[in-house]
Amino acid sequence: MRSDREEIPEGFTKADADKAETMEAALNTRSLRVAPGCQVYWPAPYEVCGAIRDKYNSLGGPNGFLLHPKTNELTNPDGRGKRTEFVNGPIYWSAPGGAHPVVNHFLAAWARHRYEAGYIGYPTTDEIVNPDGIGRRQEFQGAAIYWRLNEAYSIGGAIRDKWNSAGAERGPLGYPNTDELPAKKNDGRYNNFENGTITWSGPTGTRLVFGAFRDRWAKAGREDGELGYPTRDEDVTPNKLGHYALFEGGSIYQKDGGPGPFVVKGAIRDDWGSFGWEGGRFGFPTSEEYDLDKGKAQDYEGGILVWNIGEQPSDFDPPTGKCPDSVCVNPPAGIRSGEAEPRLAVQPEERGVPTCAEVRAMPADPGRELLCVEIPSDERQLRDRPTYPKDSAVQQVCYDKQPLPHTERLYSCFVTRVTYLINAPGDPKPNGGVALTFEMESRTQWNTKEFTLRNHLIVEDTWGTMKYAKVKATPICHAIGKGCDIKGKKMDLSEMEPGKRFFFEYKAEPDKIEQGDILAVDQLGADFSFAPSPSYTWKEVVHTQKALLSTMRCDNDMSANKPGCIYPEIAPVLSYSNPAKNAELAGHIAAAQNSGVVGRPGGVPLHKGTKELETEHRDNACKKNPRVPAPVPRGTSCDEYPFASSAEGAKADGRERTFNGCQLPDVAIGPTGPGYSICFINAGHNSSGGADVRWFYHWNRVLKDDRFFVEALNGHLPAP
């Protein structure tokens, strides 16, 4: 037998090989009597017949990629087609499609669709190399399967036609990365591709959405979400500056190179369309739709469009939504002005040590050693100021302001160099000493009375009898008429060595503050305790080192009933500088300030008024002003400056003014000096600005009669 003479390929037994040899002999004998239709390929004991045999032979038979057969020819479940399975895959035959191998990822993709029983049907081609020279495809009766990078997916029908019209795999969509899949809504279908999606439904037809637009649509729930199916392919906008896609429930727009893409829908979309879409005065959207007061708003290049926001809320109402960066993240620096802030003058008793000059002036007593504090001259104090270390616990501006503290509305810090000496009374020369740099900062918050204290004690140098001495810094918080609890691990007595650093962070909190209470935290600092080494005779001493921080004010007087703390001697500044959010509001405020209305930073401040005054001022300026026309010009609302919630406001006897573009023909243009101004501006800018005011008052704990300023940048008046 041949199996006795030749090596049998792996996967076959001697019995298989001998059976195959016997079958080959029988076929050869039969071939004398009938036309040959089958063939056996030793050592596989199976017959390969007809068109499948011809295809197999054309592919190299057992020497081709399929290797040897592993079944006889089989009839498929549909009773019509045939197949023979080989080591590396089957060859399928059907009368309409002929005989073709289906292998590897193509076979796996076909299997997902129930082989020939699914909508894909039988293969009609072998694998074909695509025009890009990278991927492959195989055609079937009802669809095609495309392969690239070890993945194969089906695509067919109207979706494939759409894909082909877009350039197929060489177009912007790239290769499919899903099979054609069913969608729940309207019995639709879709294929996802590397760079987009094609959808089909009866009502909307076949539509394509690319990359970022597809991702934004998916975020909105795809066809099952608020947008539904696309009703038009993603396309270039008529003004050639961006792209858009239309959907059943809205649109998606993005300016090329701009932010987005963003969904535009509902009443705001209708309003935007009435102004000329992206080619009109509002341009492209620059944000998603968001909550504003009781309604909705959306930012555009040319302003804000709003829906159902209702009447402007009171500036005294609690803020809603996200605090704007211009108020809570990067506010402008506050202003220290000459106006005195009321404060209680009670100070805690300081546990002092004598100055070294006082010790040297005492009667001589060589056997006695005292710890004293060295008070440098102003000139020496400035000359010996410590430089800003990389591991500082405070901001660099705190070092720049030495020897004075640096204070902001919600932050204060202090840096000082302190020198302690060991001196015998009457002796002009000290026996030892230590130079310390002491950093301290306080960070407050608008919605909690708990604030953060950070201490950093740096040992610059030690000498003489102060060597090997120990130091401890215990934080101090004093609230007038209240306790002030400090939470955090206290510093232990630690040996001082030059270059040694001690960092400590604490949480401090005055006792309970009732609604309407206002209290002062008038002392923050540290008790320095010094303990000598056993070989020296001077005694342990405690010295209170004041941190020259401003008096902190904590209150529970805001409408949100959330106590918080600030430094009131710094007047906060509300900045309007975002053109997308408040261009026309900033333009109106700047014009008013330029005409002499108070509130500009560095000038005369505004002061917080009362809710009763706010109503009166709004009536005087807009609501009951006979010079304000009705109805309100479309897309605008009446703005007054100073704010109605300020004490200055639109007083009945104030000088009234307006400006070109404000649409107030019966109001005088031109008055200068103190007074008030009114203007019809973009309603969204006005409402957005009002929301900023509410956040500003609460974040900065602006109480009645508190000073504040308004900065107006990057704005413009409404177009005439």
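For the structure, check the block above.
The paragraphs below set out a description of the structure included in this document. (Residues numbered from 1 in each chain as written. Predicted model: local features only at pLDDT ≥ 70, side-chain atom pairs only at ≥ 80, totals over all residues. Heavy atoms only, no water.)

**Description of the sheet that holds strand β21 (residues 303-307)**
- As summarised here, the arrangement of the three strands in space is β19-β20-β21, forming an open sheet in which the pairing is antiparallel. Looking at the sheet topology across the chains shown, the edges are occupied by β19 (290-292) and β21. Across the sheet, the mean angle from the axis of one strand to that of its neighbour is 40°, orientation sign disregarded.
- Relative to strand β20 (residues 295-300), β19 runs antiparallel, the two sharing three bridges. Within the sheet, the bridge partner assigned to Tyr 290 lies in β20 and is Ala 297.
- Its contacts with the sheet put helix α7 (residues 266-274) on β20 and β21, and the angle it makes with β21 is roughly 130°. (Pairing = 2+ DSSP bridges. Helix = DSSP H or I, 4+ residues; strand = E, 2+ residues; numbered from the N terminus. Axes fitted to C-alpha atoms, helices over the stretch in contact; angles between N-to-C directions. Contact = heavy atoms within 4.5 Å.)

**Some remarks on the nonpolar core**
- Counting 43 residues, the largest nonpolar core has Tyr 420, Phe 451, Leu 524 and Phe 530 as the members making the most contacts within it.
- At six residues, strand β32 (residues 518-531) tops the list of elements feeding residues into this core. (Core = buried A, V, L, I, M, F, W, Y, C linked by side-chain atoms within 4.5 Å. Buried < 20%, exposed > 50% of the residue type's maximum accessible area, 1.4 Å probe, protein only.)

**Here's the deal with the side chain of His 100**
- Checked against the element boundaries, His 100 lands in strand β6 (residues 98-101).
- Of the residues examined, His 100 reaches a relative accessible area of 10% and is grouped as buried.
- In terms of polar contacts, His 100 uses its side chain to reach the backbone carbonyl oxygen of Gly 97, at 2.7 Å.
- Separated by 2.7 Å, the side chains of His 100 and Asp 126 make a polar contact.
- Excluding residues within four positions of it along the chain, His 100 makes contact with Lys 55, Pro 90, Ile 91, Tyr 92, Pro 123, Thr 124, Thr 125, Asp 126 and Gln 138. (Polar contact = N/O pair within 3.5 Å; in protein donor to acceptor, adjacent residues only side chain to side chain.)

**Overview of the side chain of Arg 137**
- Mapped onto the secondary structure, Arg 137 falls in strand β8 (residues 136-139).
- Within the structure, Arg 137 has its side chain in polar contact with the side chain of Glu 139 (distance 3.3 Å).
- Setting aside chain neighbours within four positions, we find Arg 137 in contact with Phe 106, Asp 126, Glu 127, Ile 128, Val 129, Asn 130, Pro 131, Ile 145, Tyr 146 and Arg 160.

**Topic: the sheet that holds β6**
- Pairing is antiparallel in the open sheet, where four strands are placed in the order β3-β4-β5-β6. Strands at the two margins of the open sheet, each flanked by one partner only, are β3 (74-75) and β6.
- With five bridges joining them, strand β4 (residues 82-86) and strand β5 (residues 89-94) adopt antiparallel strand pairing. Opposite Thr 84, over in β5, you have Ile 91 as the bridge partner.

**Quick look at helix α3 (residues 50-58)**
- Along α3, the positions that sit buried rather than exposed are Ile 52, Arg 53, Lys 55 and Tyr 56. The buried residues of α3 occupy an angular sector of 165° when projected down its axis, which confines them to one face.
- On the buried face of α3, the contacting elements are β1 (38-40), β2 (47-49), β4, β5 and β6.
- A positive backbone phi angle near 105° is found at Gly 60, which sits one or two residues after α3. (Arc of directions from axis to C-beta.)

**Quick notes on the state of the cysteines**
- Summed over all chains, the structure comprises eight disulfides.
- Note that Cys 554 is cross-linked by a disulfide to Cys 565, the S-S spacing being 2.0 Å. Measuring handedness by torsion sign, the sulfur bridge of Cys 554 and Cys 565 sits at about 105° and is right-handed. Residue Cys 554 is found in strand β34 (residues 552-555), and its partner Cys 565 is found in strand β35 (residues 564-566); the two are separated by 11 residues along the sequence. For the pair Cys 554 and Cys 565, one class covers both residues: buried. (Disulfide = S-S within 2.5 Å.)

**Thoughts on unusual backbone geometry**
- Cis geometry is found at the peptide bond from Gly 260 to Pro 261, where omega equals 5°.
- Assignment of secondary structure puts Pro 261 in the loop between β17 (250-255) and β18 (262-264).
- In the segment running from Gln 402 into Pro 403, the intervening peptide bond is cis, with an omega of 0°.
- Position of Pro 403 relative to the elements: it lies in the loop between α11 (396-400) and β24 (406-407).

**Let's talk about the pairing of strand β42 (residues 707-712)**
- Among the six residues of β42, five are classified as buried, and the element is accordingly described as predominantly covered.
- Note: strand β37 (residues 573-576) against β42, four bridges, orientation parallel. Looking at the pairing, Tyr 576 lines up with Ala 712 of β42.
- Examined bridge by bridge, strand β38 (residues 606-607) and β42 share two bridges and lie antiparallel to one another. What sits directly across from Leu 606, in β42, is Phe 708.

**Considerations on the pairing of β6**
- Summarising the sheet, β5 and β6 pair through four bridges and their orientation is antiparallel. Bridge pairing links Ile 91 to Pro 101 in β6.
- Here β5 folds back onto β6 in antiparallel fashion, the turn holding three residues.

**Some points on the packing of aromatic side chains**
- Taken as a whole, this structure holds 30 aromatic pairs when the rule is applied.
- Judged by centre distance (6.5 Å) and plane angle (55°), the rings of Tyr 92 and Tyr 122 are tilted. Here the residue Tyr 92 occupies a position in strand β5, and Tyr 122 occupies one in the loop between α4 (104-112) and β7 (128-129), the gap between them amounting to 30 residues. An identical accessibility class is assigned to Tyr 92 and Tyr 122; each is buried.
- With a centroid separation of 5.2 Å and 75° between ring planes, the pair formed by Tyr 388 and Tyr 399 is classed as edge-to-face. (Phe/Tyr/Trp six-rings, centres within 6.5 Å; stacked < 30°, edge-to-face > 60°.)

**Points about helix α13 (residues 611-623)**
- Across its 13 residues, α13 extends only 16 Å between first and last C-alpha, which sits more than 12% below the 18 Å expected from 1.5 Å per residue.
- Every buried residue of α13 is listed here: Glu 614, His 617, Arg 618, Asp 619, Ala 621 and Cys 622.
- Summarising the contacts, the buried residues of α13 are in contact with β39 (636-641) and β41 (676-682). (Expected span 1.5 Å × (residues − 1).)

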